[in-house]
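Working through the structure, step by step
Take a look at the letters that make up each chain.
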Amino acid sequence: LEQRAVQTKLGLEQYLAAQSATLHLVTLDPALQKALAAPARLPSEAETAQLERAWAAGSDPALTAMVLGTPPATRLRALVSVRPAFRQVQVVDRYGRTIAASARGGRLFHKDAGWFKLMTNPEADPEPHVGDLQQPRGSNLILFETVYPVRDRDGAWVGAVRALVDANDLYTILAPVRVGRTGHAVLLRATDGLVLASDESERIMKVAYPGFDSLRAAIEGFPI
């Protein structure tokens, strides 16, 4: 069991590293670098709220064309076509505004997002980020975000590429993990035992693994 757990851990790490590597390649695209080199002015709070509503509703054709009709957006759609686990890919500038996307959806401004605050922290260099699993309201999809910083030729941080990944794709790592004839692997959240990936889709993000409190005590070295 320990060997299978270590193998699965390494498989998950390699999977996430592959997602980051894909986004890293996207950040090197010359058209993307050019688009981030001279970002537009940051709108006021009132303008931001208005633009966010228009983006969500699709009521402003000019705004939609500005985000979806650019060369970087065309390349993002090509990426999604060959990597269907990527449900949405966005390019975000240094002010937190989405300047290109594979499709309309998600937030237009990310200034208040946790990952953006981490990347703009003056006391730390921007690093790749993998977020927690989430289920958008009104959707059956379970997603997680992965973000890779964009740097210019001088190494300065100028923005980020953010992807929302279908969490069901994680099960491609778990599916081959078998112990005996009936055993199967389940990915659990370490803090509370919530099921994050399983072949029983109705349990994902809904129930905690039975007996997880005893399991956690054993992991932490206390008697069961």
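Residues numbered from 1 in each chain as written. Predicted model: local features only at pLDDT ≥ 70, side-chain atom pairs only at ≥ 80, totals over all residues. Heavy atoms only, no water.

**A short note on the sheet that holds strand 1 (residues 86-93)**
Where strands meet in a sheet, backbone hydrogen bonds hold them as pairs that are either parallel or antiparallel. The strand order 2-1-5-4-3 describes an open sheet built from 5 strands, whose pairing is antiparallel. A single partner strand is all that each edge strand has here, and the edge strands are strand 2 (98-101) and strand 3 (129-130). The sheet contact formed by strand 1 and strand 5 (residues 157-166) spans 7 bridges and is antiparallel. Pairing of Asp-93 across the sheet is with Gly-159, part of strand 5. (Pairing = 2+ DSSP bridges. Helix = DSSP H or I, 4+ residues; strand = E, 2+ residues; numbered from the N terminus.)

**Comments concerning the environment of Tyr-15**
Position of Tyr-15 relative to the elements: it lies in helix 1 (residues 2-27). A relative accessible area of 9% means that Tyr-15 is categorised as buried. Considering only alpha carbons, one finds Tyr-15 and Ile-173, 158 residues apart in sequence, at a separation of 7.9 Å. Those residues within four positions of Tyr-15 in sequence are excluded, and the remaining contacts are Phe-144, Val-165, Asp-169, Leu-170 and Ile-173. A polar contact is formed between the side chain of Tyr-15 and the side chain of Asp-169, at a distance of 2.7 Å. (Buried < 20%, exposed > 50% of the residue type's maximum accessible area, 1.4 Å probe, protein only. Contact = heavy atoms within 4.5 Å. Polar contact = N/O pair within 3.5 Å; in protein donor to acceptor, adjacent residues only side chain to side chain.)

**Quick look at the environment of Pro-210**
Inspection of the secondary structure assignment puts Pro-210 in the loop between strand 7 (195-197) and helix 8 (212-219). Using a relative accessible area of 59% as the deciding quantity, one classes Pro-210 as exposed. For the pair formed by Pro-210 and Leu-194, sequence separation is 16 residues and the distance between their alpha carbons is 9.6 Å.

**A word on the pairing of strand 5**
Burial runs high along strand 5: 10 of the 10 residues are buried. Here 9 bridges tie strand 4 (residues 143-151) to strand 5, and the two strands are oriented antiparallel to one another. The residue bridging Val-150 from the neighbouring strand is Gly-159, located in strand 5. Taken together, strand 4 and the strand that follows it, strand 5, pair antiparallel across an intervening segment of 5 residues, in which Gly-155 is found at a positive phi of about 90 degrees.

**Some thoughts on the packing of helix 3 (residues 45-57) against helix 4 (residues 61-68)**
Packing of helix 3 against helix 4 brings their axes to within 9 Å, and their N-to-C directions diverge by 80 degrees. Relative to helix 4, the element helix 3 lies roughly perpendicular. Between helix 3, through Leu-51, Ala-54 and Trp-55, and helix 4, the contact on the second element is made entirely by Leu-63, Thr-64, Val-67 and Leu-68. A breakdown of the residues in the contact of helix 3 with helix 4 according to their chemical character gives 6 nonpolar, 1 polar and no charged. (Axes fitted to C-alpha atoms, helices over the stretch in contact; angles between N-to-C directions. Parallel < 35°, antiparallel > 145°, perpendicular 65-115°, else oblique. Nonpolar A, V, L, I, M, F, W, Y, C, P; charged D, E, K, R; others polar.)

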